[in-house]
Amino acid sequence: GWKAISSADPEVRKRKLSAELANGRLAMMAIIGMFFQDGLTGSAWGDWSLYTDSPLRAFEEELGVQAPVGFWDPVGYTRDGDLETFKRRRETEIKHGRVAMYATIGYIVPEYIKWPGFLSPSMGLKFSDVPNGLAAIGKVPGNGWAQIVAFAGYYELFVYKYNGVPGEYGWKAISS
């Protein structure tokens, strides 16, 4: 009969119990994290800087490490501490991030601007006839997709050449 978590109104009671369940789940995750931290550092409120045996320390000063998380590798790809493998993966992450940014712009811009003229003159298909978003996939002719794949392949094989420094392609527009 606690008034804080009970109510005569069934909807209010349901909402309060749902909040209690969510908070309980969060608390369960927190206590497991505290147990884990205690096991690694000797205290539930331990100082992570005292846990020097972690191979993740090898990358704590690398590009992309951001507060408050620090170096984050939840899957453990870097547990071996190999710097060259780390740099190659960081390069791949940067490249994929750039592709995702291009794709996002390519998804948004057609909502506001369409090229004038024809996408496929032989098919009589104008740029304005191509729908936005995923609906465009079926509307663009196969040769158009072949051109897109060829362009991406050209960049992958000849332009984006990894030289050991993640993100460095010698382009003054994005590097200095």
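Residues numbered from 1 in each chain as written. Predicted model: local features only at pLDDT ≥ 70, side-chain atom pairs only at ≥ 80, totals over all residues. Heavy atoms only, no water.

From N to C terminus, the protein chain includes three helices and two strands. When the helices and strands of the protein chain are placed in sequence order, the string is α-α-β-β-α. For the protein chain, with 176 residues in total, the buried portion stands at 16%. Considering only residue pairs separated by 6 or more positions, the protein chain has 26% of its internal contacts joining residues 24 or more positions apart. On the protein chain, roughly 13,600 Å² of surface is accessible, and the fraction owed to carbon and sulfur atoms is 63%. (Helix = DSSP H or I, 4+ residues; strand = E, 2+ residues; numbered from the N terminus. Buried < 20%, exposed > 50% of the residue type's maximum accessible area, 1.4 Å probe, protein only. Contact = heavy atoms within 4.5 Å. Areas by Shrake-Rupley, 256 points an atom, 1.4 Å probe, with all protein chains shown as cover.)

What follows covers the layout of surface pockets. Roughly 1,300 Å³ of internal volume is contained in the largest pocket. Lining the largest pocket are 31 residues; nearest its centre among them are Tyr102, Gly106, Tyr107, Trp145 and Ile148. Among the elements of the structure, helix 2 (83-108) and helix 3 (142-159) are those that each provide at least two residues to the lining of the largest pocket. Per-element accounting of the lining of the largest pocket gives the leading share, eight residues, to helix 3. Looking at the lining of the largest pocket residue by residue, the class counts come to 23 nonpolar, five polar and three charged. (1 Å grid on protein atoms, 1.4 Å probe; cavity = no way out; pocket = protein on both sides within 12 Å on 5 of 7 lines; lining within 4 Å. Points joined across faces, edges and corners; volume = space filled by probe spheres on them. Nonpolar A, V, L, I, M, F, W, Y, C, P; charged D, E, K, R; others polar.)

Now for the packing of aromatic side chains. Summed over the entire model, instances satisfying the criterion amount to three aromatic pairs. Look at Tyr154 and Tyr155: their rings are 5.9 Å apart centre to centre, the planes differ by 75°, and that puts the pair in the edge-to-face class. Overall, Tyr154 belongs to the partly exposed group, its relative accessible area being 44%. Taken together, the ring pairs connect Phe151, Tyr154, Tyr155 and Phe158 into an aromatic cluster. (Phe/Tyr/Trp six-rings, centres within 6.5 Å; stacked < 30°, edge-to-face > 60°.)

Okay, helix 2 next. Along its 26 residues, helix 2 runs 37 Å from first to last C-alpha, staying within 8% of the 38 Å computed at 1.5 Å per residue. Check the buried side of helix 2 and you find it contacts helix 3. Where helix 2 begins, the capping side chain belongs to Asp82, and its oxygen is found 3.2 Å from the backbone nitrogen of Glu84. (Expected span 1.5 Å × (residues − 1). Polar contact = N/O pair within 3.5 Å; in protein donor to acceptor, adjacent residues only side chain to side chain.)

Here we take up a nonpolar patch on the surface. Taken together, the side chains of Ile105, Tyr107, Ile108, Val109, Tyr112, Ile113, Leu134, Ile137, Trp145 and Ile148 make up a nonpolar region of the molecular surface, amounting to roughly 1,100 Å² of accessible area. Contributing elements (two or more residues each) for the nonpolar patch: helix 2 and helix 3. When residues of the nonpolar patch are assigned to their parent elements, the largest contribution, three residues, is made by helix 2. When you line up the elements, Tyr107 lands in helix 2. (Patch = residues over 30% accessible without salt bridge, like charges linked within 9 Å, V, L, I, M, F, W, Y side chains within 5 Å. Salt bridge = Lys/Arg side-chain N within 4 Å of Asp/Glu carboxyl O.)

Attention shifts here to the confidence of the model for the protein chain. When pLDDT is averaged across the protein chain, the result is 79; 80% of the residues are at 70 or more. No element of the protein chain has a lower mean pLDDT than helix 1 (residues 10-41), at 80, and none a higher one than strand 2 (residues 125-126), at 94. (pLDDT = per-residue confidence, 0-100.)

Let us now look at the environment of Arg98. Following the sequence through the fold, Arg98 ends up in helix 2. Exposure remark for Arg98: the relative accessible area of 15% places this residue in the buried category. For the pair formed by Arg98 and Gly167, sequence separation is 69 residues and the distance between their alpha carbons is 9.8 Å.

Here the focus is the side chain of Glu91. With respect to the helices, strands and loops of the structure, Glu91 is situated in helix 2. For the buried Glu91, no salt bridge exists, and the shortest N-O distance to an oppositely charged side chain is 4.8 Å, to Arg88. What Glu91 contacts, discounting residues up to four positions off in sequence, is Tyr162, Val165, Pro166, Gly167 and Tyr169. (Lys, Arg positive; Asp, Glu negative; His and termini not counted.)

A few words on the pattern of salt bridges. Scanning all chains against the criterion turns up two salt bridges. In this structure, Arg90 and Glu93 form a salt bridge, with 2.9 Å as the shortest nitrogen-oxygen distance. One end of the pair is Arg90 and the other is Glu93, both in helix 2 and three residues apart, which spans about a single turn. Judged by relative accessible area, Arg90 falls into the buried class, the value being 14%.

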